[in-house]
2 protein chains.
Amino acid sequence: MPNRPPTIRDVARAANVSAATVSRALSFPGKVSEATRLSVLRAVQETGYAVNQVARSLRRRTTNTIDVLVPNIGNQFFSRILAGIEWAASRAGYTVLISDTRPLTGGGMLMDFVRNNRADGLISLDGVLPRQILPAAPAGRRTPTLVFACEWQDGLGVPSVRFDNEGGAMLAVDHLVSLGHARIGHLLGPAGNVLTDARLAGFTAAMANHALPVREDWILQGDFTLDSGVKAARAWLDLADRPGAMFLANDEMAFGFISELHRHGVEVPRDLSVVAFDDIDIAERYIPALTTVHQPRHEIGEVAFATFLKTFNGEVPEMVRTLPATLIVRESTRQV
Amino acid sequence: MPNRPPTIRDVARAANVSAATVSRALSFPGKVSEATRLSVLRAVQETGYAVNQVARSLRRRTTNTIDVLVPNIGNQFFSRILAGIEWAASRAGYTVLISDTRPLTGGGMLMDFVRNNRADGLISLDGVLPRQILPAAPAGRRTPTLVFACEWQDGLGVPSVRFDNEGGAMLAVDHLVSLGHARIGHLLGPAGNVLTDARLAGFTAAMANHALPVREDWILQGDFTLDSGVKAARAWLDLADRPGAMFLANDEMAFGFISELHRHGVEVPRDLSVVAFDDIDIAERYIPALTTVHQPRHEIGEVAFATFLKTFNGEVPEMVRTLPATLIVRESTRQV
DNA sequence: ACACCTGGCGCAATCGATTACATTGATTTC
DNA sequence: GAAATCAATGTAATCGATTGCGCCAGGTGT
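Residues numbered from 1 in each chain as written. Chains lettered and ligands numbered in written order. Predicted model: local features only at pLDDT ≥ 70, side-chain atom pairs only at ≥ 80, totals over all residues.

Turning next to the overall build of chain A. Each helix and strand counted, chain A has eleven helices and twelve strands in total. Buried positions account for 52% of the 336 residues belonging to chain A. Look at the contacts in chain A between residues 6 or more apart in sequence, and 76% of them connect residues 24 or more apart. (Helix = DSSP H or I, 4+ residues; strand = E, 2+ residues; numbered from the N terminus. Buried ≥ 20, exposed ≤ 12 C-beta atoms within 10 Å, placed from the backbone. Contact = placed C-beta atoms within 7 Å.)

Before going further, it helps to examine the domain arrangement of chain A. Under the domain assignment used here, chain A contains domain 1 (8-51), domain 2 (63-163 + 297-322) and domain 3 (165-296). Spacing between the C-alpha centres of domain 1 of chain A and domain 3 of chain A amounts to 62 Å. (Domains from an automatic or database assignment.)

It is worth spelling out the packing of helix α1 (residues 8-15) of chain B against helix α3 (residues 34-47) of chain B at this point. Any two packed helices are characterised by how steeply their axes cross, that is the angle between the axes, and by the distance between the axes. All names here are of chain B. Where α1 contacts α3, the axes come no closer than 8 Å and their chain directions differ by 120°. Compared by their axis directions, α1 and α3 come out oblique. Remark: the crossing between α1 and α3 carries right-handed chirality. Residues Asp-10, Val-11, Ala-14 and Ala-15 of α1 pack against Ser-39, Val-40, Ala-43, Val-44, Glu-46 and Thr-47 of α3. Taken together, the residues of the contact of α1 with α3 sort by class into six nonpolar, two polar and two charged. (Axes fitted to C-alpha atoms, helices over the stretch in contact; angles between N-to-C directions. Parallel < 35°, antiparallel > 145°, perpendicular 65-115°, else oblique. Left-handed = near helix turned anticlockwise from the far one by under 90°. Nonpolar A, V, L, I, M, F, W, Y, C, P; charged D, E, K, R; others polar.)

Further remarks concern the protein's contact with DNA strand C. Looking at DNA strand C, there are 27 residues lining it, with Ala20(A), Thr21(A), Thr7(B), Ile8(B) and Ala20(B) nearest. Elements with a contribution of two residues or more to the surface near DNA strand C: α2 (19-27) and α4 (53-60) of chain A together with α1, α2 (19-27) and α4 (53-60) of chain B. Broken down by element, the residue count for the surface near DNA strand C peaks at six residues, all from α2(B). Of the residues contributing to the surface near DNA strand C, the split by class is twelve nonpolar, eight polar and seven charged. (Near = placed C-beta within 6 Å.)

With that settled, consider the environment of Trp218(B). All names here are of chain B. Here Trp-218 shows up in the loop between α8 (194-209) and β7 (219-220). Residue Trp-218 is classed as partly exposed on the basis of its 19 C-beta neighbours within 10 Å. The spacing of Trp-218 and His-186 is 32 residues in sequence and 6.3 Å in space, taken between C-alpha atoms. Once you skip the residues sitting within four places of it in the chain, Trp-218 turns out to touch Gly-185, His-186 and Pro-243.

Glancing now at α3(B). Residues and elements named next belong to chain B. In a regular helix each residue adds 1.5 Å, so 14 residues correspond to 20 Å; α3 covers 20 Å between its end C-alpha atoms and thus fits that length. Its buried side turned inward, α3 meets α1 and α2. Residue Gly-48 follows α3 closely and has a positive phi angle near 75°. (Expected span 1.5 Å × (residues − 1).)

This next bit is on the protein's contact with DNA strand D. For DNA strand D, the set of nearby residues contains 28 residues, the closest of which are Thr7(A), Ile8(A), Ala20(A), Ser18(B) and Ala20(B). Only α1 (8-15), α2 and α4 of chain A together with α2 and α4 of chain B provide two or more residues apiece to the surface near DNA strand D. Here the surface near DNA strand D gets six residues from one element, more than from any other, and that element is α2(A). Looking at the surface near DNA strand D residue by residue, the class counts come to twelve nonpolar, eight polar and eight charged.

Looking along the chain, the bond that leaves Ile287(A) and enters Pro288(A) is cis, with omega of 5°. Here Asp278(A), not a glycine, exhibits a phi torsion of approximately 130°, which is positive. Position of Asp278(A) among the secondary structure elements: in strand β9 (residues 273-278). You can call Asp278(A) buried: it has 27 C-beta atoms within 10 Å. Not every positive phi belongs to a glycine, and Asn64(B) is a case in point at roughly 50°.

Next up on the list: the sheet that holds strand β5 (residues 160-163) of chain A. Residues and elements named next belong to chain A. Taking strand neighbours across the sheet as the criterion, the six strands line up as β2-β1-β3-β4-β5-β11 in an open arrangement whose pairing is parallel. This sheet does not close on itself; its edge strands, each paired only once, are β2 (95-100) and β11 (320-323). Sheet twist, expressed as the average angle between the axes of neighbouring strands with direction ignored, equals 20°. Sheet topology places strand β4 (residues 145-149) next to β5; two bridges connect them, and they run parallel. Within the sheet, the bridge partner assigned to Phe-148 lies in β5 and is Ser-160. (Pairing = 2+ DSSP bridges.)

The strands making up a sheet associate through backbone hydrogen bonding, with each pair oriented either parallel or antiparallel. The strand order across the open sheet built from six strands is β7-β6-β8-β9-β10-β12 (chain A), with neighbouring strands paired in mixed fashion. The open sheet terminates on both sides in strands that have one partner only, identified here as β7 (219-220) and β12 (326-328) of chain A.

Averaged over every residue, the pLDDT of chain A is 89; residues scoring 70 or more account for 89%. Note that residues 135-142 of chain A has pLDDT below 50 and, in this model, 14 contacts with residues that lie over four places away or in other chains. (pLDDT = per-residue confidence, 0-100.)

Before going further, it helps to examine the pairing of strand β2 (residues 95-100) of chain B. Regular strands show a simple pattern: their side chains alternate between the two faces of the sheet. All names here are of chain B. Across the six residues of β2, six count as buried, placing the element largely inside the fold. Here β2 shows two buried faces, one formed by Thr-95, Leu-97 and Ser-99 and the other by Val-96, Ile-98 and Asp-100. Looking at chain direction, strand β1 (residues 65-70) and β2 are connected through six bridges and run parallel. Bridged to Ile-66 within β2 is Val-96.

Another point: helix α7 (residues 165-178) of chain B. Residues and elements named next belong to chain B. Taking 1.5 Å of rise per residue, the 14 residues of α7 would be expected to cover 20 Å, and the 20 Å separating its terminal C-alpha atoms lies within 8% of that figure. Within α7, ten of the 14 residues are buried, which leaves the element mostly enclosed by the surrounding structure. At the exit of α7 stands Gly-180, carrying a positive phi of roughly 100°.

Bringing the nonpolar core into the picture now. Within the largest apolar cluster, 161 residues are counted, with the highest numbers of intra-cluster contacts made by Val68(A), Leu248(A), Val68(B) and Leu248(B). Non-local contacts of Val68(A), meaning those with residues more than four positions away in its chain, are made with Leu82(A), Ile85(A), Val96(A), Leu97(A), Ile98(A), Ile123(A) and Leu125(A). (Core = buried A, V, L, I, M, F, W, Y, C linked by C-beta atoms within 7 Å.)

With that out of the way, let us pick up the packing of helix α5 (residues 77-91) of chain B against helix α11 (residues 297-312) of chain B. Residues and elements named next belong to chain B. It is the contact of α5 with α11, at a shortest axis distance of 7 Å, that shows an interaxial angle of 45°. By the criterion of interaxial angle, the relationship of α5 to α11 is oblique. Viewed along their axes, α5 and α11 form a crossing whose handedness is right-handed. Contact with α5, carried on its side by Arg-80, Ile-81, Leu-82, Ala-83, Gly-84, Ile-85, Trp-87, Ala-88 and Ala-89, involves Arg-297, His-298, Glu-299, Ile-300, Gly-301, Glu-302, Ala-304, Phe-305 and Ala-306 of α11 and no other residues of that element. Here the contact of α5 with α11 is built from residues that sort into eleven nonpolar, three polar and four charged.

So, about the environment of Glu86(A). All names here are of chain A. Within the secondary structure, Glu-86 is located in helix α5 (residues 77-91). For Glu-86, a count of 24 C-beta atoms within 10 Å puts it in the buried group. Considering only alpha carbons, one finds Glu-86 and Thr-322, 236 residues apart in sequence, at a separation of 20 Å.

Structure follows, in C-alpha cells:
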C-alpha cells in the first residue's frame, strides 16, 4: 500500500517515452516536440510526479539553494534583510535556508552545510564565524562561495556588503551637537565586533570634527543585548559627572538603557538625549519614540544575493559595497 | 587544478580498503575492526573528506532535516520557539531549516520542500497554510510528516502542540477584575486566526464567570501588527464611552496601542490598564513594562520536535498537547 | 541521386554513498 | 575433526535524475 512516490520512470512509462525525454521535457521544453511535451505534462499530472531534488542535486552538482547565517534570529533587525535576500533569491530560482549561528556551538557544522553540497553558498550576517570555517577549502576544492552582509571579517578576500556605519555614527553625533550637546557619551557594542569598531570610529571622528573631547569614562561597554543596555544604565547612573547625551550602538540596548533610567527617575529626553542605531520596528513606537540611524535593510539583502550569484558564476564582484545610512529624528533627543 | 572534492572512494584508496568499509567505519564504527577504523579516520583527515549529504540522502531516502514554517520571521515571538526546536533537533542529529511562509506567495513551493525529499517533515507555526499543501499526499505517497505548533488547523488529523490560549486570556481578565476593573475591552488578532478565536473565547468565558458584560463596541479588530495597535488606539480614542481596561491579543499590538494613546495624552496605566499576550523580550523593558501572558516558548519547540520525530518513526503521537500559560504582572495595569 | 544536416529521441553512464549479499579466514561447537 | 558460526571485508546493485553519445528519419544542398 505505501508504495513509493512516482519517479521519472513512472512518468516515462505513462507517457510512452524514455526517462531522458521526460527530463528534457521538464527542464528544456524547447528540446522536445510539442506533442511529447504535452503528453509528458499530462503524465506528470496523472502520476502526481514531483522532481526529487536530492537526485537532481546529486547529478547536477548544484542545489540552487543558499544558506544565510544569522547571529541571532531573535533580533528583529535581521528579518528585513532576510526578506531582501529571499526576494532576490526567489527571482533567481533559489531557495533560502536560514541558520542561526548561535546554537551551533561547535561551529564545525556551519560550513559543512556547503561542503556537504546542501547549499551552493553562504551569506553570513555574522562577522565572527569560527576560524575553522573560513579556511575550509582543503584539497583543491573550489572555495565555497561566501558573502558577508552587515558584518564582515577583514583580510579574507571575501566580498562584503555593508552599511555606512561610520557615516551613520557621525550623523548621530552631528545631530546631538546641532541640538547644543557637547557632553556626549557612547555605549559600545560587543568587543571585537566590526560594527562596534566602525560605529566607535565614526563617533570619535565626529567628535573630533566638532573639537569635542571623547571622555574615557563616558564610553560604556555593551554587547547589543537589551540586558547590556540595562547594565549600562546602571553604570551611567553611577557616574559622578554624567554626559548630557548618549549615542548607543543599537536600538535594543537603547530600550534597556532608557527603561532602566526611567525606573530610577531619569527621563529621556528630559534629562538626557539618546540616539541609537538600527531603526528596528518598535523604535518608532517606543516611549519616547527613538531617534536612530536607519539602514536600507531590504536593499542590503538584495545586493548581498546579487553578489553571491555573481561570485558563484565565476565573475568578480565588488569586494566592498557600502550602502548609506540616514538619521531618523524622533523624540528621544532634544535641544539643550 | 580545481579537481573535485574527495569522495568516499578517495578515502578508500588512501586507507587501502573498499568504499563500503569506509562507509561502515564512518556510520557504524562497531562494524569494523579497530585497526581499519583508525586507518580510515586517518585517511579522512589526509584527504579532507566530508560526506556528501546529497548522495547519502538519495540512498538513505532520508535527510535528517526538518523544515520549520514561520509566518513571520520578523516577529520576535518565534525565535525562542525556534531555539527550542533546534535544541531538540540537534540532539537527535537533525538539521533545522527555517522558511518564512509569507514570501512564498504562490504557496505551492511549501510542501514541495518535503515532496522533493529535501526535508523529512515540517513543523508549522502557521495555521493558515494554503489549501493545496495539506492534501498534498497523492498517489499512494506516504503522508508527509507535519506538526503544528502554536497555531493549528482543525479537522486535518495533524498533531499539534499549543499554548493554553483560552486559559491565558482568562488569567488576564481575572487579573483586571481583581484590580477592580469591570469595564473591559478586547483587541482581537486577525480574523480567522485560531489564536484570535481562542483568546476571544477565553476573554468571553472569563467575563461571563465574573458576570460582566462583553460590549460589542469594546471589541476592536486588530491583526497582531504594531500598526494595527496604532489604529486600534485611534478607534479607542473615538469611543464615546471608553473601557477602563483592555486585554490585547498580543504584545506587539500593545506597543502600537500604548504609544499612540501616549501621543494623544492618554497614559497607561494611569488612564487605562492594559494586559497583553506573548511576553516577548521587550515587554519587560517597554515603558510602562507590560503586564502580559507568558508562554513556555522554548518548551513548545522541544515538544513539537519530539512529536515530529514520533510521527516520523511511525508511532502515534498525542494529537493535541496543551502547554500552560502564566500571567506576568508588571506596570501596565493598576488598581482602580 | 548522394552526401550532409538536424530535430527528436533512446541508451547507458554517471553523480557519491549505502547496503544486501557473498566471501574468507578464524573460532566455536558437538 | 567436521560442521557450524561469526567477524571483517569486498562486490555490485541501488537511490532518481541528468546528459553525452549516437541512431533514425526526414529535409537540404548541389
